[in-house]
Amino acid sequence: MIYEKVNLSELYTELYPNTILEIYAPDNFWEIDINRKREGLLIFPGGAYCFVSEREGEPVAFKFLAKGFACFLLHYPVNNLSYPHPLLEAIAALDYVNKNADNYHVNINKIGAIGFSAGGHLAASLGLYYNYPEFHNMLNINCTLNLDYLILGYPVIKAYPENEWEPVRTTIMKCTEGKPELIEFFNINTHVDENYPRTYIWTTKTDDCVPYSHTVVMDEILTKKGVKHKTHIFEEGPHGASINDFTCNGENDMIKFGKYKDICNWVNEAIDFVRGE
């Protein structure tokens, strides 16, 4: 396995200091296939843009690594945020993976991103703006980037905080500074078009932090625009389930999350979607 930590701040000077991309990539072997190219997966944990959730980071990387994905976990900034951060860090991470795909045995046409909650908002925003000229100029990116697919777990989609629960309001206020023009900019469902990356999206009806209406709205706009997608809304399950196994839960959490074992099915569903199976 290839394991590295890359300080993206040293490569892209516009980023916040100590923006780290943690890399978990399967290596190739002559006995199997020395030339194998794999899916690349950027990982954006949630945390309401106030912290970066550990339960939605390394455990997710290990789960997808075991399925043959090269995983790139972004430790993005959350303190003293100002526009366009942390979206700029996400675009820089995507650029790094595009430029170094061969080094990590990644198929450059099969690079995607997964995000949960606020990280789902970040991944969904990346789907809108990954080739936005203003951001490319800031990062000195001189090529078109590839982003093939998105996996969104209980994501924040709607960006109008006055109508939302407190965790959603916190998320939106952190990434928009409360400015009306930025709230509109980061209101995902009003900007999706037919060129949006194909998307797998899931949530639960009983999520008590991000209402499942966010997923419904995203499903509706993806359908309207003809974007290939799959949506799974589980009947029950709490917010923050991640991959919902012992690797992302303590003993007390397992009592809470263990009742909802069917949620785990999203992982294989998402992989089948990405691989066209």
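Structure's up top.
Cut-offs and rules
Residues take numbers from 1 onward in each chain, read along the sequence in its written order. This being a predicted model, a pLDDT of at least 70 is required before a residue's local features are given, and a value of 80 or more before pairs of side-chain atoms are given or counted; all residues contribute to the totals for chains, interfaces and linings. Only hydrogens and water are removed before side-chain values are computed, so all heavy atoms of the structure are retained for them. Put plainly, a pocket is an open set of points on a 1 Å grid over the protein atoms alone with protein on both sides within 12 Å along at least five of seven lines, a cavity is a set where a 1.4 Å probe fits but cannot get out, and a lining residue has an atom within 4 Å of a point. Grid points are joined across faces, edges and corners, and a volume is the space filled by probe spheres set on the points. Polarity classes work like this: nonpolar for Ala, Val, Leu, Ile, Met, Phe, Trp, Tyr, Cys and Pro, charged for Asp, Glu, Lys and Arg, and polar for all others, with Gly in that last group. Pairing of aromatic rings covers Phe, Tyr and Trp, the last through its six-membered ring, and needs centres within 6.5 Å; plane angles under 30 degrees mean stacked, over 60 mean edge-to-face, and all others mean tilted. A helix here means a DSSP run of H or I that spans at least four residues, while a strand means a run of E at least two residues long, and both kinds are numbered starting from the N terminus. The rule is simple: take the accessible area with a 1.4 Å probe, protein chains only, and divide by the maximum for that residue type; under 20% is buried, over 50% is exposed, in between is partly exposed. Two residues form a contact once any of their heavy atoms are found within 4.5 Å. Only the stretch in contact is used when a helix axis is fitted, and all axes are lines through C-alpha atoms; the angle between N-to-C directions ranges over 0 to 180 degrees. Each angle receives one of four descriptions, namely roughly parallel if under 35 degrees, roughly antiparallel if over 145, roughly perpendicular if within 65 to 115, and oblique otherwise. Crossing handedness: left-handed means the near helix sits turned counterclockwise from the far one by under a right angle, and right-handed means the same turn made clockwise.

Student: Please explain the layout of surface pockets as it appears in this structure.
Tutor: The rolling of a water-molecule-sized probe over the atoms marks out the regions of remaining empty space. Of the voids in this model, the largest pocket is the one considered here, and its volume is about 210 Å³. Lining the largest pocket are 15 residues, and of these Gly47, Ala48, Phe51, Ser117 and His239 lie nearest its centre. Partitioning the lining of the largest pocket into residue classes produces 6 nonpolar, 7 polar and 2 charged. When its volume is computed, the second largest pocket comes out at roughly 150 Å³. In terms of residue class, the lining of the second largest pocket is built from 5 nonpolar, 4 polar and 1 charged.

Student: Which parts of the structure should I look at to understand the packing of aromatic side chains?
Tutor: The geometry of two aromatic rings is summed up by the distance between their centres and the angle between their planes. Per the counting criterion, the structure on display carries 22 aromatic pairs. Ring centres 5.8 Å apart and planes at 75 degrees place the aromatic pair phenylalanine 116 and tryptophan 266 in the edge-to-face group. With phenylalanine 116 in strand S5 (residues 106-116) and tryptophan 266 in helix H9 (residues 265-274), this pair connects stretches of sequence that are 150 residues apart. When sorted by exposure, phenylalanine 116 lands in the same class as tryptophan 266, which is buried. Arranged with centres 4.9 Å apart and planes meeting at 45 degrees, the rings of tyrosine 132 and phenylalanine 135 form a pair that is tilted.

Student: Looking at this structure, I do not really get empty space enclosed by the protein. What am I missing?
Tutor: In total, this model carries 1 cavity of 30 Å³ or more according to the counting rule given. When its volume is computed, the largest cavity comes out at roughly 40 Å³. Lining the largest cavity are Tyr49, His85, Pro86, Leu87, His121, Leu122, Ser125, Cys175 and Phe186. Within the lining of the largest cavity, the residues separate by chemical class into 6 nonpolar, 3 polar and no charged.

Student: Any chance you could explain the environment of leucine 147 here in plain terms?
Tutor: Note on placement: leucine 147 falls in the loop between helix H4 (133-139) and strand S6 (149-153). In this structure leucine 147 comes out as buried when scored by relative accessible area, which is 7%. Taking the C-alpha atoms as reference points, leucine 147 and isoleucine 108, separated by 39 residues in sequence, lie 8.7 Å from one another. With sequence-adjacent residues up to four places away left out, leucine 147 is seen in contact with Leu94, Ile111, Gly112, Ala113, Leu126, Gly127, Tyr130 and Pro197.

Student: What is the right way to read the packing of helix H2 (residues 87-99) against helix H3 (residues 118-129) from this model?
Tutor: When two helices pack together, their arrangement is given by the angle between their axes and by how far apart the axes lie. Where H2 contacts H3, the two axes come as close as 10 Å, and the packing angle between them is 70 degrees. Accordingly, the angle class assigned to the pair H2 and H3 is roughly perpendicular. The two elements H2 and H3 meet at a crossing, and its hand is right-handed. Residue-level inspection shows Leu87, Ala90, Ile91 and Leu94 of H2 in contact with H3, the latter providing Leu122, Ser125, Leu126 and Tyr129. Class assignment for the residues of the contact of H2 with H3 results in 7 nonpolar, 1 polar and no charged.

Honestly, it's all geometry; don't read function into it.
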